[in-house]
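# A look at the structure
What follows is each chain in one-letter form.
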Amino acid sequence: MLSFLAPFAESWLSSTLTDVTRYVIFAVGVWLVLWGVLAIPLANRKIRDSAPPARQLMIEFVCSIRSIMIFSTVGLLTFGLFRAGLLPGPYIARSLGPVWFWTSLVLMVVAHDAWFYWTHRLIHDRRLFRAFHRRHHRSNNPSPFTAYSFDLGEAAINALFVPLWMILVPTQWPVAGLFMLHQIVRNTLGHSGYELFPARRDGRPLLPWLTTVTHHDLHHAQAGWNYGLYFTWWDRMMGTENPDYLKRFAAAVRRPKALEPAAA
């Protein structure tokens, strides 16, 4: 029995350590760089004047580690199917060559954005919100540590995407790894509190199809809008983009720096 369970335990531990390492590197790294090293140069790009309290950061960190453990636990489904020879997708994908490698990565990101948008809207239903999504919205003023600060149910919903994708679409394991890397980078930057995306001269986003930091920050401030994760198209098609989004983005990228105090 122990010999049967050992590979699953090893896979769970390896997956957890990898994802925790990614989270710590990017969450702590973004926080140190933006909120420390570059705080003064980026002062005119800070979305809110206030900073989250230390207690919030600590709770977010602990909840994010818990979510990662759930990701790894749900991920054992994929590992078990592969080990049992019931998941041929990675072998099929390898035979399709490098073009499919990168195509499948792009498709995975696009599909995850759709999965996130619709499940996100679902758990905003008042009958589900308290059980599934309240923890994440307790971070009204988000920080890089908010990225995976989920309730147990929300963590499970997010974790289900990768196994379902791997079952349905031929995908190499390195593609799944790159997808997870992209996910944590976008998540930590999206909760960073600083508008990092480029703007046109008129103050509109240079890449309007991408969600900016302001886009998701507005969701934390006014929860009934801006459900998208990577792209803005679902919010635009479904009429759920905050009507003040472009104005808020322009303010975040064009806000003048605070005037120096006059010399005595």
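Thresholds applied
Residues numbered from 1 in each chain as written. Predicted model: local features only at pLDDT ≥ 70, side-chain atom pairs only at ≥ 80, totals over all residues. Heavy atoms only, no water. Salt bridge = Lys/Arg side-chain N within 4 Å of Asp/Glu carboxyl O. Buried < 20%, exposed > 50% of the residue type's maximum accessible area, 1.4 Å probe, protein only. Phe/Tyr/Trp six-rings, centres within 6.5 Å; stacked < 30°, edge-to-face > 60°. Helix = DSSP H or I, 4+ residues; strand = E, 2+ residues; numbered from the N terminus. Core = buried A, V, L, I, M, F, W, Y, C linked by side-chain atoms within 4.5 Å. Contact = heavy atoms within 4.5 Å.

In this section: the pattern of salt bridges. If you walk through the whole model with that rule in mind, you get six salt bridges. Here Asp-202 and Arg-200 are joined by a salt bridge, their closest N and O atoms 2.6 Å apart. You can call Asp-202 partly exposed: its relative accessible area is 40%. Arg-200 gets classed as partly exposed once you look at its relative accessible area, which sits at 41%. Between Lys-247 and Asp-244 there is a salt bridge, with its nearest N and O atoms 3.8 Å apart. The class of Lys-247 is exposed, set by a relative accessible area of 57%. The class for Asp-244 is partly exposed, based on a relative accessible area of 28%.

Moving on: the packing of aromatic side chains. Aromatic ring pairs: the centre-centre distance and the angle between the two ring planes describe each pair. Summed over all chains, the structure comprises 20 aromatic pairs. Where Trp-35 meets Tyr-194, the ring centres are 5.5 Å apart and the plane angle is 85°; that geometry is what we call edge-to-face. Here the residue Trp-35 occupies a position in helix α1 (residues 2-37), and Tyr-194 occupies one in the loop between α8 (173-190) and α9 (213-221), the gap between them amounting to 159 residues. A single burial state applies to Trp-35 and to Tyr-194, both of which are buried.

For Asn-226, which is not a glycine, the phi torsion comes out positive at approximately 55°. Of note, Asn-226 is situated in the loop between α9 and α10 (233-238). By relative accessible area, which is 0% here, Asn-226 ends up buried.

This next bit is on the nonpolar core. Met-108, Phe-161, Val-162, Trp-165, Phe-179 and Tyr-230 are the most contacted members of the largest nonpolar core, which has 26 residues in total. With five residues, the single largest contributor to this core is helix α4 (residues 97-123). Discounting residues that sit within four places of it in the chain, Tyr-230 has contacts with Val-109, His-112, Asp-113, Phe-179, His-182, Gln-183, Arg-186, Trp-209, Leu-210 and Thr-211. Ranked by size, the runner-up nonpolar core spans 15 residues in total, among them Val-20, Tyr-23, Val-74 and Ala-159.

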